[in-house]
Every structure is written in C-alpha cells, then in structure tokens.
2 protein chains.
Amino acid sequence: MQKSSVIDAMALKNEKKIVLLILDGVGDINSKHFAWRTPLEAASTPNLDRLAAEGVTGRMHPIVPGITPGSGPGHLGLFGYDPLQWEIGRGVLEAVGLGMELLPGDLAARANFATQQDGLITDRRAGRVPTEETARLCEKLRKIDHIDDVEVIIKPGLGHRFVVLFRGKDLGANLTDTDPQRTGQPIKECLATAPDSERSATLVNRFVETALPLLADEPRANAFLMRGLAGKPNIPSMSERFKLTPGCIAVYPMYRGLASLVGMDLIPTGTTIDDEFATARERWADYDFFFIHVKGTDSAGEDGNFEGKVEVLEQVDRALPALLDLQPDVLAVTGDHSTPAPLKAHSWHPVPVLIHGEFCGQDQVAAFTENNCNQGGLGFFTSKELMGLLLANALKLDKYGA
Amino acid sequence: MQKSSVIDAMALKNEKKIVLLILDGVGDINSKHFAWRTPLEAASTPNLDRLAAEGVTGRMHPIVPGITPGSGPGHLGLFGYDPLQWEIGRGVLEAVGLGMELLPGDLAARANFATQQDGLITDRRAGRVPTEETARLCEKLRKIDHIDDVEVIIKPGLGHRFVVLFRGKDLGANLTDTDPQRTGQPIKECLATAPDSERSATLVNRFVETALPLLADEPRANAFLMRGLAGKPNIPSMSERFKLTPGCIAVYPMYRGLASLVGMDLIPTGTTIDDEFATARERWADYDFFFIHVKGTDSAGEDGNFEGKVEVLEQVDRALPALLDLQPDVLAVTGDHSTPAPLKAHSWHPVPVLIHGEFCGQDQVAAFTENNCNQGGLGFFTSKELMGLLLANALKLDKYGA
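The text that follows walks through the structure, step by step, so that each part is easy to find. (Residues numbered from 1 in each chain as written. Chains lettered and ligands numbered in written order. Predicted model: local features only at pLDDT ≥ 70, side-chain atom pairs only at ≥ 80, totals over all residues. Heavy atoms only, no water.)

Scanning chain A for helices and strands turns up 14 helices and 14 strands. Taking 402 residues into account, the globule formula puts the C-alpha radius of gyration at 21 Å, and chain A, at 23 Å, falls close to it. Reported as C-alpha extents along the three principal axes, the dimensions of chain A are approximately 70 × 50 × 40 Å. Long-range pairs, those at least 24 residues apart, make up 73% of the contacts in chain A between residues at least 6 apart in sequence. On chain A, roughly 15,800 Å² of surface is accessible, and the fraction owed to carbon and sulfur atoms is 48%. (Helix = DSSP H or I, 4+ residues; strand = E, 2+ residues; numbered from the N terminus. Rg over C-alpha atoms; globule rule 2.2 N^0.38 Å. Contact = heavy atoms within 4.5 Å. Areas by Shrake-Rupley, 256 points an atom, 1.4 Å probe, with all protein chains shown as cover.)

The structure is reproduced here in structure tokens:
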C-alpha cells in the first residue's frame, strides 16, 4: 500500500474546517549575505509567533532532501499528492499559469515564436519578441480556431511565449516536440510515441502547416516551436481522496490552476492579502478546506529583496486576525518551498511549518522561524505528508486497524 | 520514479568542488562506561566546532533506524546508492578489501582453509591458521593460474582467509557455496542457481578438484571452503549518475575498493591524515568531488579505546586547516556509521553530520557532537540522502518541475 492511500482509506467527513495558508517561498537561510538572519527572524510577526507558541512546529522537505521544486510539484505535495508520482506536463502547467481551464482530453503545448530562414531555424526565440508583440502575433494565429472537430485555443504569455490548447475528445499526449532544440535545423515533425496519440500528432502537424503561412510576412517571428505537449493529468480529486470540500483563494493564475487540477473550487477574490482573508470570511460556510495562497514572499525572495520579504511577512501578520476570527479548527502556515533571498531562486531548504488546533499539541517553540522550527514537535517530514496531519488534527481520519 | 533517480535526473555539471570527509565510525554514545561522554564531546576540536557553528548539522541513519551497517553498505549510502538496493557480494567485498581490482565479468569468492578427514570437514577454520601460514598455503594453490581460458588469481587475507578470483568473460555469479556450514559434512558441490551460471559452477568445482590435491600433505589445512561467490556489481558510476568527477583519497584498500566500485578515481596518497589532505591539495584541480577517508576513529572504537578515538579526532582537527585552505565550496564531515567505544563494534546509532558552504544555512548548533547535532537544521535523515544535499549545496541540481 502506498503511503498516500492509507490516508485516503481512513478519510472521514465532518464539519471541521481546515485552513492551509501558504506563504509561497517563505523558507530562507541564515547567511553572510544578510547578516546571518532570515526574513522570518527579522520580521515582526507577533501573530505568527503566537500561533507557533500555541501550536506545533517542524520543517518540511518539499520533495526529498536536496531537491528544489517548481511551483507545480511544490503545491502538489502540499495538497497531499506525491510530486514524484503525479507529474504535470509543461504544456499543462503553462496553460494553467495563464489561467486557461483544462478539460479531460485537452492537449496543451508550450509554444514560442522563432525565426526561420530557408526552412531552418535561425533563432529559437525570435529575438525574444516582447509580450505586446506576442499578443499581436497570437491574434494572427487565432484565424485557426478549429482543425476538423477539434477546437484550437491560443493564448499569449510572457515575452515570446504562448500556449496552444487543442480541445477535442481523448487527444493522446504521448508526443514529441516540434522544437529541434538548436538552430540550423528545420522545425521537427511531431511524432506519436504511443499508438493512442497518432491522431494528436497528425493534428499538431496540421496546425503547424496551417499556421506557418499566417506568419510568412513577419520579419522575425515567422515560425513557432511547440514543446511539452501534455494532457490534463488524471488526478483523483481532493474530495474523492480526502472527502473534503476544498476551496482555493489565490490571486495568481498558476496557483488557481494547480488547485483546479486537484478539484478545488476556484473562489473569486481580490488582489491583496486582506482581500483573500475577506473572501474566506464571505465563503466560510461553503467549504471545509481553504487553500489560501500568498505570492509576495516568493516574489521578494526571487528578487533577492530581503526587506521586501520582511514586509510581506509583516503584512500577512497584520492581516491574520481577520482569518483567526473565523476560528478555523485547524490552521497550518507554511510554504511550498524556500526561496532564500541570498539565492534569488527556489531552493531545496526545508520550509518551516506550524499547525494550530485544539489537538495539535504544543512544543517548546515560541516563534515562527526556520531555526526555531528545527526544534518542533513535528520534526522533519516531507510536504506530501502534511495533508495527513491536517486531516488528523481535524479528526477527519479514522483509526487504522483495530 | 525512484527517490534516487530524481537526484540523478536533476544533476548538473559545474565548477564547484565538494569534499566529503568521512571519519569512519565517528558516532558514539553517552554511556556509563565512559562517564556519560562521547569522544566528540571529550576531544578538543575547535575547527570542527567552527564548521558546525558556521554550517548546518543533523544526524544520519546509515541504512534505516536500528540497522548496523558493514563498511560496504555504510559507504554505498554515503556515495548516494541505496544500500538496500545495491548489494555487494561478500566475495567482491573481500577482494576489494585486499586491494584486488575487479573487472566486469570477474567472479570472486571468500575462501578459507579448513581441515577434512575421510572426505568430511572436521574443522571449518583449520584451527584458525595464522596469516603467515595462509600466505604459504596460497602460494601452493597458485600453481593453478588458469582453468581453460579463465585466469585464477589467489590472494591471502587475514588469518585463515583468502580470496579466489576467476577472471573470464561473463562469469555468472548465481552460485551456491562449497561451505557445508557445519562439520561432519563433505565439501559441497557448487551449484548454479540460474542458467547463466552453469559454466561458473563447473569452473569452481574443477578448481576445487584440482586444488585439493595440492594441500593433501598439509596436516591441518588440507581443505578449503568457498563462500559468497559474486561478480562485480553493475553499479552506475557517480559520474554517470551525478555528473561528478570524483576522486578517492583513502589509505585502506577496503575503502579504495568501495570507491572504485562506484567509479571514483583512486588517488595515490600516503598513510597519515596530513598526507591525505596534502594529496587533496596536489590534485585539487583534477576533481570536483573528493572522498577523503579517515580510518582511525573506527579502529579506536572497535578496540573500545575511548582515549584513542579522542586522539584521532584531535589529529583530524589539527590537520583540518590544510583542507580548509583549499576553500571547498561544500564540505561535509560525517561517518559511515557509529562505532561506539562502549560497544567495541559498528552500531546502528545515527551519525552526526555537518555541511558547510555558502548556501547551507546556519542553525544554532555551535559544536560538532552527537547531541548538538540532534538540534540541527538538517534534522534526521538517511545516509543515501546525503548526496542530494551535497549536490544541492554545490548548486549542482536543477529544479524539479516548473
């Protein structure tokens, strides 16, 4: 039996409400670059510290020790899905990141504009076309809205990137890229790597043949390349697995998309942390699991902006009373991964985690920082194990065996 | 995907240098036998303590909690190979421990002299023949240097033990022992347990038949038994798996042999810790991963020599500045297992570990001892996970997923 399935098998429905508050990239490191302090240590966060003092704390490895996750695997783990078991194709992640809804049987590709000459690619990024240009170019491609009975949906992304989504029935996604990966080569034919995807390969190749002439008069962006063709992963929903009625409160499309992949309701919300907590209040009766996502900690970390990360943490802390007023039965605060300011990137460092609730126990940790959480009563574990702890604390798990 | 392979799949080549300094058997226990102190607590180790204070620490289970490893599995774990997945046959370990180089297709057996009478074994160890005797007896057996086109290489070991190595092409190693495991039984015929090893079985039996007459006039050692017949394991190298260029600096043949099994270069060195660190300096440009092995901690532990273990630790600490001068990007100090002086043997106790580097973070542990490392920012993990952490700290791992 897999570790995840013992949780599934024991899941019970009850009235208790769980809030999973994700401060994206919250974990950081003590380093010489910022006077050996972390943003959590530098920030004034009396509410988070009180939750840590009253509750139980620990550290979570996002995947396994040493592995740095992208946002996709990082969040899958938090939602109770082993990120090494459930892989999300790049095309799907890109589509989801642009706020595109995926249906079962859809096929999504990461695409980007390129330059070709005499049938050979000379620039795989078309001189990095700016975002506005890409919007104009995508408008041209939108002349193709169907191939036979398959709908074609095109959406521009950042820079030279866009997404092509094919909406049909059972479009197999075992396909090779059209990107030759280096210049001096022609656009590659898309090939099926399994029999279920022969029709999809034909479809993709027909799209390329039909679309290229629409770009013929472009000086630079006269071609495009497609990669990471993928279908919506066949992931059992959180309600199937955990008997939860989960709602997602997130501002950024990527995280809303990831939540939708595991069957969360996407609750409309505003743009600030206060908006998100207000949304939780308004919809409090409708769900028993709230995933609330705060992006600012990650963005500041990515920028190497230590003070910015401190500010976001203090914002969250000031906003927290509104969430605490709702008296969630179980509240967890953690991150999907660390984004240390000294690294300006996602990292492998374990994230601090706190769980607060009536039956969580109480360790001797009195402040929510990385090093304090080393001493916590939850010890070190991996993110995919968090969901079991949340369900348990909400008394939503039956006893295993007699 | 297996846990190990996600590390492999993410491995990147860069210029950063990793040093893995193994103090064999370093871990110990606080017990009444030595005034409740451990050698690490008793030793004066200002350099190790500074590394712990600047870096991040934890405890490692060599295999799984409770399991005491031999040197083989202990080191495989450190090198990033799950010791429960990659088994090294006893014959191979014995050969490697005697400094014999193994080639793919070789077949190695642990052998030992025994006494027989009227075709029945009367003493399975021939009264524990001393080492010098064994050398003389092996010289007799060396009359057999080939069987057909298969080369036979014989090397004496400690006491009554020796190694027989058959060097041929694709010698299958699915074989039973010739050791009957008790007296009053004849030497057993070697049997193939898989069709690929029929030829090997015939070879082994022909060797026994040819060799026994050479010992006929020996009063005690007139027979020998062979066990643990094994071939060189088909282990992917560290350079294949982790894109490293690894070099081994170790004095003892066993550890050099283990390193060679995972594809490390065996760097010639002297006999002291200072020699080993000087070798690292001389060959610093040639490798991006150095495994440096110190044996004395284990030997002292095996002897129950608490003070001796303290002395070795202080020797290492005094020598350390020469290694630190090289400014490795990532330095880890730990052991392959504990060898507590009160136990006079390898043990299951988790070993203390420290990692030092620019992006390791810094916990609140200020001294390199077992109990201090309990509080560390690495938590408790298993040895096979160490390699992922070393690669991560050297920024040699790509992000998993987007």
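Residue and element names in this part refer to chain B. With mixed pairing, the 8 strands of this open sheet are ordered in space as E10-E9-E11-E1-E12-E13-E2-E14. The open sheet is flanked by strand E10 (265-266) and strand E14 (379-382), the only strands paired with a single partner. By the bridge criterion, 6 bridges tie strand E1 (residues 18-23) to strand E11 (residues 289-294) in an arrangement that is parallel. Counted as the bridge partner of leucine 20 is phenylalanine 291 from E11. Taken strand by strand, helix H4 (residues 71-78) contacts E1, strand E2 (56-61), E11 and strand E12 (330-334), and its axis lies near 155° from that of E1. The strands touched by helix H12 (residues 306-324) are E1, E11 and E12; relative to E1, the strand with the most contacts, the crossing angle is about 170°. (Pairing = 2+ DSSP bridges. Axes fitted to C-alpha atoms, helices over the stretch in contact; angles between N-to-C directions.)

Turning next to the environment of A:Leu120. Looking at the element boundaries, A:Leu120 is found in strand E4 (residues 120-123). Counting along the chain gives 98 residues from A:Leu120 to A:Glu218, while the straight-line C-alpha distance between them is 15 Å.

Tracing the backbone shows A:Ser31 in the loop between strand E1 (18-23) and helix H2 (39-42). One polar contact links the side chain of A:Ser31 to the main-chain amide nitrogen of A:His33, over a distance of 3.1 Å. Apart from residues no more than four positions distant in its own chain, A:Ser31 is found in contact with A:Trp36, A:Arg37, A:Pro342 and B:Glu358. (Polar contact = N/O pair within 3.5 Å; in protein donor to acceptor, adjacent residues only side chain to side chain.)

Moving on to the interface of chain B and chain A. A common measure of how large an interface is: the accessible area buried when the components associate. Contact residues are listed per partner, giving 30 residues for chain B and 33 residues for chain A. Between chain B and chain A, the buried area comes to about 2,500 Å², and carbon and sulfur atoms account for 61% of it. The largest contributions to the chain B side of the interface with chain A come from B:Phe359, B:Tyr400 and B:Ala402, which together make up 28% of the buried area. The tally of links between chain B and chain A comes to 0 salt bridges. Among the secondary structure elements, those contributing two or more residues to the side of chain B that touches chain A are helix H1 (3-10) and helix H14 (386-393) of chain B. (Buried area = accessible area lost by both parts, 1.4 Å probe. Salt bridge = Lys/Arg side-chain N within 4 Å of Asp/Glu carboxyl O.)

All right, on to the nonpolar core then. Counting residues in hydrophobic clusters, the biggest one holds 63 residues, and the most contacted among them are B:Met238, B:Phe289 and B:Ile355. Per element, the largest residue contribution to this core is 6 residues, and it comes from H14(B). With residues near it in sequence (within four places) discarded, B:Met238 still touches B:Phe79, B:Tyr81, B:Lys243, B:Leu244, B:Pro246, B:Val262, B:Met264, B:Phe289 and B:Met387. Counting 47 residues, the second-largest nonpolar core is a separate cluster that includes A:Ile18, A:Met60, A:Ile355 and A:Phe381. (Core = buried A, V, L, I, M, F, W, Y, C linked by side-chain atoms within 4.5 Å. Buried < 20%, exposed > 50% of the residue type's maximum accessible area, 1.4 Å probe, protein only.)

What follows concerns helix H3 (residues 46-54) of chain A. Think of an α-helix as turning once every 3.6 residues; residues three or four places apart then point the same way. Residues and elements named next belong to chain A. Listed as buried for H3 are Asn47, Leu48, Leu51 and Ala52. Around the axis of H3, the buried residues are gathered within 140° of arc, so they sit on the same side. Where H3 is buried, its residues meet strand E2 (56-61), helix H12 (306-324), strand E12 (330-334) and strand E13 (351-357). (Arc of directions from axis to C-beta.)

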